[in-house]
Amino acid sequence: MKPQALPILLLCAGLPGCAWLSAFDEASTYEAAEADHQRCRERGYEWPGDAYVECRRQLADNRERARWQELNLSRPPQQNGELGIPQTVSEPYRPIREDSFACRDATTRDGDPYVHCEER
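Described in the following lines is the structure provided in the data block. Residues take numbers from 1 onward in each chain, read along the sequence in its written order. Since the coordinates come from a predicted model, pLDDT governs what is reported: local features require at least 70, and pairs of side-chain atoms require 80 or more to be given and counted, while whole-chain, interface and lining totals use all residues. For the side-chain quantities, the full set of heavy atoms in the structure was used; hydrogens and water were omitted.

Moving on, we get to the overall build of the protein. Strands here are runs of E lasting at least two residues and helices are runs of H or I lasting at least four, both read from the DSSP assignment and numbered beginning at the N terminus. Helix and strand counts for the protein come out as two helices and four strands. Along its sequence from the N terminus, the protein presents helices and strands in the succession α-α-β-β-β-β. Summary of the burial criterion: residues with accessible area below 20% of their type's maximum are buried, those above 50% are exposed, and those between are partly exposed, where the area comes from a 1.4 Å probe applied to protein chains only. Expressed as a percentage of the 120 residues in the protein, the buried residues total 20%. Only the protein chains shown count as cover for residues, and all accessible areas are computed by the Shrake-Rupley method using a 1.4 Å probe. Counting only carbon and sulfur atoms, one obtains 55% of the accessible surface of the protein, whose full area is about 9100 Å².

Residue placement: L59 occurs in helix 2 (residues 50–74). Two residues qualify as a contact provided that any one of their heavy atoms is within 4.5 Å of a heavy atom in the partner residue. Discounting chain neighbours no more than four positions away, the residues touching L59 are D36, R39, C40 and R43.

A separate point is unusual backbone geometry. Each neighbour pair has its own omega, and for W47 with P48 the value is 0°, a cis peptide bond. Its place among the elements puts P48 in the loop between helix 1 (5–42) and helix 2.

As a further point, take the pattern of salt bridges. Here, a salt bridge means any side-chain nitrogen of Lys or Arg that lies within 4 Å of a carboxyl oxygen of Asp or Glu. For the coordinates displayed, the defined rule picks out seven salt bridges. One salt bridge connects D36 with R39, and the closest N-O pair in it is separated by 2.8 Å. Of the two residues, D36 and R39 are both situated in helix 1; the distance of three residues between them amounts to about one turn of the helix. The salt bridge partner of R94 is E119, with a shortest N-O separation of 2.9 Å. Highlighted residues: R94 in the loop between strand 2 (86–87) and strand 3 (101–107) and E119 in strand 4 (residues 113–119), separated in sequence by 25 residues. Residues participating in the shared-partner salt-bridge network are D36, R39 and R63.

With that settled, consider the nonpolar core. If you look at the biggest cluster of nonpolar residues, it comprises eleven residues: C40, Y52, V53, C55, L59, A60, I96, F101, C103, V115 and C117. Among the elements of the structure, helix 2, strand 3 and strand 4 are those that each provide at least two residues to this core. With five residues, the single largest contributor to this core is helix 2. The contact partners of V115, leaving out residues within four places of it in the chain, are A33, H37, W47, Y52, R56, C103, R104 and D105. The set of buried Ala, Val, Leu, Ile, Met, Phe, Trp, Tyr and Cys residues whose side-chain atoms join them within 4.5 Å is what this entry labels a nonpolar core.

Here a strand pair is declared whenever DSSP counts at least two bridges between the two strands. In terms of strand pairing, strand 3 meets strand 4 through seven bridges, oriented antiparallel. Following the sheet pairing, C103 is matched in strand 4 by C117. Joining the antiparallel neighbours strand 3 and strand 4 is a turn of five residues, in which G111 adopts a positive phi near 90°.

Function cannot be read off these values alone, since they describe shape.
So, in structure tokens, the structure goes:
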């Protein structure tokens, strides 16, 4: 086998795994979007509308805050050099701003329509 063929072979072997990961990511994005869509509809908000987008932003922000808290809890505390007091060092939480959040109509690869919202 030529030395140049090995990287190509490794790349081709990894593609099915990449495709599976991409499909899994799309499915989880779709499921989260559908769950958020239902929550906002239950609260009386309809797409398209500013109140609906704000509802989806708040749900996304709550999810991001929970991930941020999980990350901070998973980090071991560091000792303060002078006092020997354990302390957690982390970035402060940055909420999703209204002006950087948008929703749009989207479809999955299978053609299922949904409302995709994300921070830009």
